[in-house]
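If you want the building blocks of each chain, they are given just below.
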Amino acid sequence: MSKSPKQAQRKKLTRRHFIRAAAAGAAALALPGCSRKEKPILSTLTGDFDPLRSYPYRTWEDFYRKIWTWDKVVRSTHSANCTGSCSWKVYVKNGVMVREEQASDYPRISKDLPDYNPRGCQKGGCFVEYVYSPQRLKYPLIRTGARGEGKWRRATWDEALTLIAEKLLDNVYNYGPDTNTFFSVIPAMSPVSFAGGARLAHHLGGVFLSFYDWYCDLPPGEPLTWGVQTEACECADWFNAKYIVLWGSNISQTRIPDAHFAFEARYNGAKIVAISPDFNSSCMHADLYWKINPGTDASLALGVAKILVDRNLIDVPYVKEQTDLPLLVVKSSGRFLRESDMKSGGKEDIFYFWDAKQQRVVAAPGSMGSAEKTIRITNGDPVLAGTFSVQLANGQKAEVTPAFELMRKTLEDYPLEKVAQTTGLPAQEIETFAREMGTRKPAMIIHGAGTNHWFHNDLANRAMILLVALTGNVGKNGGGFNHYVGQERVWPEHGFVQLAFPEGRKKQRFQNTTLWSYFHSASKDPHLHNGKPIEWYIQESVKNGWMPLWPAQPANGPKRKPRSLIVWRANYLNQAKGNEVIEHSLWKDLDLIVDINYRMDTTALYSDVVLPASSYYEKVDLNSTDCHSYMHTFGKALEPLFESKTDWDIFHALAKKISEVAQNKHLKPFRDEKMDWTRDFTRMENEWTGKGTIVTDEQAANFILANSKETQGMTYQNLQAHPKRFVATDEEIWTSDVEEGIAYTPFKHQLEKKKPWRTLTGRQQFYIDHPWFLEFGEQLPVYKEPLEEKYPLYWNTPHGRWSIHSTWRDHRAMLRLQRGMPIVYMHPDDARKRGLRDNDWVRIFNNIGECVCRLQLLPGEIVGRVTMYHGWEKYLGFQQGGWQSLTYIKIKPTQLIGKYGHVNFKLNYWGPTGNNRDVKVEVEKYRGKVALGTKA
Ligand code: SF4
């Protein structure tokens with residue numbers, strides 16, 4: 001309401017009057033002789049200044065108070081693969097979600113640990129606005145223009161589902177069930193929504209694509225060394241560490257709800273070291289910051305390992321019992337000495353050490369072929385050095401040596417001065433690192449995508465794991481190598497797998513997405529590997545049955561191509577390396593692309609049919625993360641808005657429609673020989689609902705909870721009250737128990753109970769004697785330089801603060817916290833050399849593609865690298881291209897191996913990673929015309 005001049009003048013006068021009066025009062029109190037015993041003069045608080053007076057304009061206060069009233073409050077969370085898994089309350093008023101608030105009700109693990117409350121980030125704190133934003137999908141849409149053109153028509157659910165059902169069935173009968181492809185990610189963040197589509201793929205015989213390896217979130221060193229996908233401590237355990245190494249992990253930006261555990265650990269005596277090329281927002285909290293050259297992390301780890309070994313800073317009893325380093329290797333072949341070498345008819349998976357007391361070989365307990373299910377050594381004392389002669393079954397003699405001795409020789413390649421030169425770190429800092437790593441216990445590495453996204457990520461992982469194994473830190477609270485990239489572990493895994501793939505994993509066609517995307521697109525890796533193109537290794541791997549490749553390819557004749565792709569809870573095209581190559585090849589070959597989504601993202605925009613899904617606040621589901629040890633829920637604050645449905649209900653409706661179409665067309669059951677399954681599609685709905693036993697999403701959630709050891713006693717309803725800590729762990733899946741009052745940390749079963757590690761040798765396995773590893777000289781961890789690229793600047797695309805991947809990238813509030821459009825960060829020296837200034841439009845290019853966006857100068861960036869935080873949608877302000885226009889798919893041959901003990905293809909456990917760091921670009925001023933606003 002505007003004020004009249006008179007009112008304004010009166011207000012001015014009265015304000016001035018008040019200030020003067022107040023000043024006079026204060027002065028009076030300050031006067032000598034005006035003691036505190038004397039009564040203060042309050043006569044000025046009369047008239048307009050009396051706070052209790054009657055006042056005519058009070059109604060706005062009531063209106064303001066009513067903003068903070070609500071009709072109901074519902075617990076929910078977000079599933080964007082942020083790893084947060086934070087519990088929120090959503091407030092609803094008059095049928096509208098008005099705001100959210102951190103629930104702050106995680107039960108505390110122990111009074112000796114900081115708790116998980118409150119938990120959240122700025123993205124989660126504005127999700128209600130996203131729910132009602134213009135990008136929200138409201139109705140089923142069918143494309144009318146070209147893919148990506150943005151031309152759509154509104155369709156009914158019946159029309160859209162009929163179109164999809166007919167095409168899927170058509171593909172099964174005319175091209176084979178393996179031409180239908182399904183892509184969804186990260187079941188932990190909403191397993192019911194994930195399982196809805198997985199069940200459909202399962203009953204249809206379709207191909208289910210991986211995601212954890214494709215996004216390069218999988219640390220391949222973990223399956224290689226430990227035989228697990230990823231095992232990390234929950235974040236509360238960071239507080240127990242006395243030495244924390246933030247290595248390629250910017251927790252202040254990417255683990256916002258949990259970063260405090262690390263920083264608070266300093267009150268508990270911890271020292272924090274940050275290793276990163278750029279001085280990022282986590283480095284500012286560290287005690288020491290080491291500015292390492294990009295892609296040289298394995299060199300640093302091996303240089304430190306050398307110092308640890310040379311100065312005897314290693315835990316020898318731990319190394320002898322818990323690692324494969326005492327196991328003997330035949331020097332001439334480079335292979336482990338096996339029982340099959342020693343006895344005719346002996347096993348390939350029993351190994352030996354040299355016993356110091358008896359001076360002879362002794363079989364090591366606990367390997368895959370061993371009858372002893374313990375790694376406790378009771379039959380000798382393994383040596384770690386020396387060369388010995390053994391008599392083989394074929395009558396010949398062989399020289400053998402412990403893997404430790406070979407490792408020590410390998411480490412000779414990493415003298416201090418050389419490592420200092422490679423990494424760009426002063427030699428004394430490397431020495432400090434080694435000394436502290438060897439003496440401060442427990443010590444942990446918090447590891448992230450910064451190092452994991454490189455081509456040789458497996459080598460870097462293995463080199464870092466070597467540090468924490470040599471120092472005896474793995475399997476102890478506050479210690480270990482803890483990798484956090486993605487919300488990858490489903491705590492109640494047993495129940496989840498039964499729900500998603502009811503007939504078991506063996507009856508499901510699974511596919512590594514990196515391989516699928518490369519093989520079925522025009523992607524071309526220019527690098528040769530030992531003189532051979534990657535295609536040669538792919539062919540060998542598939543021929544040997546190491547990696548699956550769907551659709552199955554004929555021995556002769558034309559290539560079989562995928563025909564359909566259904567994407568939900570994911571943004572395939574945004575995340576695809578070299579996505580323009582994919583768009584112009586694989587994408588064109590697909591007859592049907594369906595996107596199920598609550599917002600119009602890049603994949604939705606380039607689809608044929610878009611089905612509107614409910615948002616995180618309009619669904620029933622579960623949520624867990626490896627960052628904490630609690631289960632909690634999504635709740636329906638409102639029924640799905642507009643015409644949207646939950647993912648579970650969408651796949652139920654699609655299953656029903658498939659039954660209808662199959663019945664109308666009188667389709668005979670389809671014999672799927674490869675899966676040994678006769679599929680009667682007229683009964684699809686019945687199969688999908690488990691013969692009517694799991695119809696609703698709440699029933700599906702309860703099925704997961706009831707069929708998992710971790711969640712016994714939990715129901716969807718009782719979890720709505722507050723998150724609950726897991727009550728146990730399934731020993732087949734996990735490596736430690738959930739203990740009362742103690743933060744979860746992995747591998748206690750191996751360290752305390754002496755259970756074998758899940759590897760070929762039954763130990764933390766640093767020596768991999770697969771022929772391809774021997775061929776590439778990677779049987780032990782070594783440092784290999786990043787792939788050679790001819791451009792001068794590394795292209796760095798890390799996870800950022802203002803989005804979770806592409807989610808929230810287009811959120812008004814998040815855009816206002818930055819420059820509001822895609823930007824590339826560059827060090828001022830690099831900009832000066834190129835005549836560039838802050839906020840210039842620049843063209844970034846290499847031989848793969850180009851993109852045009854604005855430049856921001858950043859002194860914290862390293863010279864020789866530019867950074868664009870990843871996930872920007874193509875339509876958000878690029879003048880050309882996008883962040884993935886410059887990347888491409890590169891497959892590492894050794895990541896294609898299989899049938900080697902614990903190294904076998906398994907979805908999201910082992911398969912080539914879609915690494916994206918070894919890419920270089922050049923940047924120049926953009927001289928083209930700039931069209932402001934978003935573009936498709
Ligand atoms: S987006 Fe993730 S980290 Fe942020 S509040 Fe939601 S669950 Fe937590």
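For the structure, check the block above.
Remember, predicted model here, so these are calculated numbers, not experimental data.

J.: When you look at a nonpolar patch on the surface in this model, what are you seeing that I'm missing?
T.: On the surface, Y55, Y57, W60, F63, Y64, I67, W68, W70 and V73 cluster together into a nonpolar patch covering about 1000 Å² of accessible area. Residue contributions to the nonpolar patch peak at four residues, all from helix α2 (residues 59-67). When you line up the elements, Y55 lands in the loop between α1 (5-30) and α2. On the accessibility criterion, Y55 (37% relative accessible area) is partly exposed.

J.: Would you mind showing me how to read empty space enclosed by the protein here?
T.: Where empty space is left in the structure can be found by rolling a water-sized probe over the atoms. Within this structure, the stated rule accounts for six cavities of 30 Å³ or more. Considered as a void within the structure, the largest cavity measures approximately 370 Å³ in volume. As for the largest cavity, its lining consists of 24 residues, and the residues nearest its centre are S79, R569, A570, Y616 and T807. Grouping the constituent residues of the lining of the largest cavity by class yields 10 nonpolar, nine polar and five charged. The calculated volume of the second largest cavity comes to roughly 110 Å³. Surrounding the second largest cavity, 16 residues form its lining, G295, W454, H456, A460 and K784 being those nearest its centre. Counting only elements with at least two residues in the lining of the second largest cavity, the list comes to α9 (297-310) and α16 (457-470). Considering every element that reaches the lining of the second largest cavity, the biggest residue donor is α16, with three residues.

J.: Would you mind going over the site of the ligand with me for this structure?
T.: Taken together, the neighbourhood of the ligand is formed by H78, C82, G84, S85, C86, W88, G120, C121, G124, P257 and W808. For the shell around the ligand, the residue count by class is six nonpolar, five polar and no charged.

J.: So what exactly am I meant to see when it comes to the sheet that holds strand β24 (residues 618-623) here?
T.: As a general point, the strands of a sheet are linked pairwise by backbone hydrogen bonds and lie either parallel or antiparallel. Pairing within the open sheet is antiparallel, and its three strands lie in the order β24-β25-β28. Unpaired on one side and paired on the other, β24 and β28 (724-725) mark the two borders of the sheet. The pairing of β24 with strand β25 (residues 630-636) spans four bridges and is classified as antiparallel. The partner of D621 across the bridge, within β25, is F634. Of the strands in this sheet, β24 and β25 are in contact with helix α26 (residues 697-706), which crosses β24 at around 5°.

J.: Explain the packing of aromatic side chains here, please?
T.: Each aromatic ring pair is characterised by the separation of its centres together with the angle its planes make. Scanning all chains against the criterion turns up 53 aromatic pairs. Relative to F681, the ring of Y173 has its centre 6.0 Å away and its plane inclined at 75°; by these criteria the two rings are edge-to-face. Note that Y173 is positioned in helix α4 (residues 157-174) and F681 in the loop between β27 (677-679) and α25 (684-688), a separation of 508 residues in sequence. Since its relative accessible area comes to 29%, Y173 is described here as partly exposed.

J.: Looking at this model, I keep getting lost on the side chain of K657. Mind explaining?
T.: As for its position among the elements, K657 is in helix α24 (residues 647-664). Judged by its relative accessible area of 7%, K657 falls in the buried class. Each residue touching K657, except ones within four places of it in the same chain, is listed here: D158, L161, T162 and A165.

J.: Looking at this model, I keep getting lost on the nonpolar core. Mind explaining?
T.: Taken as a class, soluble globular proteins show a tendency for nonpolar side chains to be buried jointly. Counting residues in each nonpolar core, the largest one holds 212 residues, and the members touching the most others are F183, F433, Y572 and I844. Among the elements that take part in this core, α16 stands out by supplying 10 residues, more than any other. Those residues in contact with F433 that sit more than four places away from it in its chain are Y243, V245, W247, I275, W290, L300, V304 and L467. Judged by nonpolar contacts, the second largest core, of 30 residues, contains Y116, A259, F263 and A286.

What counts, and at which threshold
Residues numbered from 1 in each chain as written. Predicted model: local features only at pLDDT ≥ 70, side-chain atom pairs only at ≥ 80, totals over all residues. Heavy atoms only, no water. Patch = residues over 30% accessible without salt bridge, like charges linked within 9 Å, V, L, I, M, F, W, Y side chains within 5 Å. Areas by Shrake-Rupley, 256 points an atom, 1.4 Å probe, with all protein chains shown as cover. Salt bridge = Lys/Arg side-chain N within 4 Å of Asp/Glu carboxyl O. Helix = DSSP H or I, 4+ residues; strand = E, 2+ residues; numbered from the N terminus. Buried < 20%, exposed > 50% of the residue type's maximum accessible area, 1.4 Å probe, protein only. 1 Å grid on protein atoms, 1.4 Å probe; cavity = no way out; pocket = protein on both sides within 12 Å on 5 of 7 lines; lining within 4 Å. Points joined across faces, edges and corners; volume = space filled by probe spheres on them. Nonpolar A, V, L, I, M, F, W, Y, C, P; charged D, E, K, R; others polar. Near = heavy atom within 4 Å. Pairing = 2+ DSSP bridges. Contact = heavy atoms within 4.5 Å. Axes fitted to C-alpha atoms, helices over the stretch in contact; angles between N-to-C directions. Phe/Tyr/Trp six-rings, centres within 6.5 Å; stacked < 30°, edge-to-face > 60°. Core = buried A, V, L, I, M, F, W, Y, C linked by side-chain atoms within 4.5 Å.

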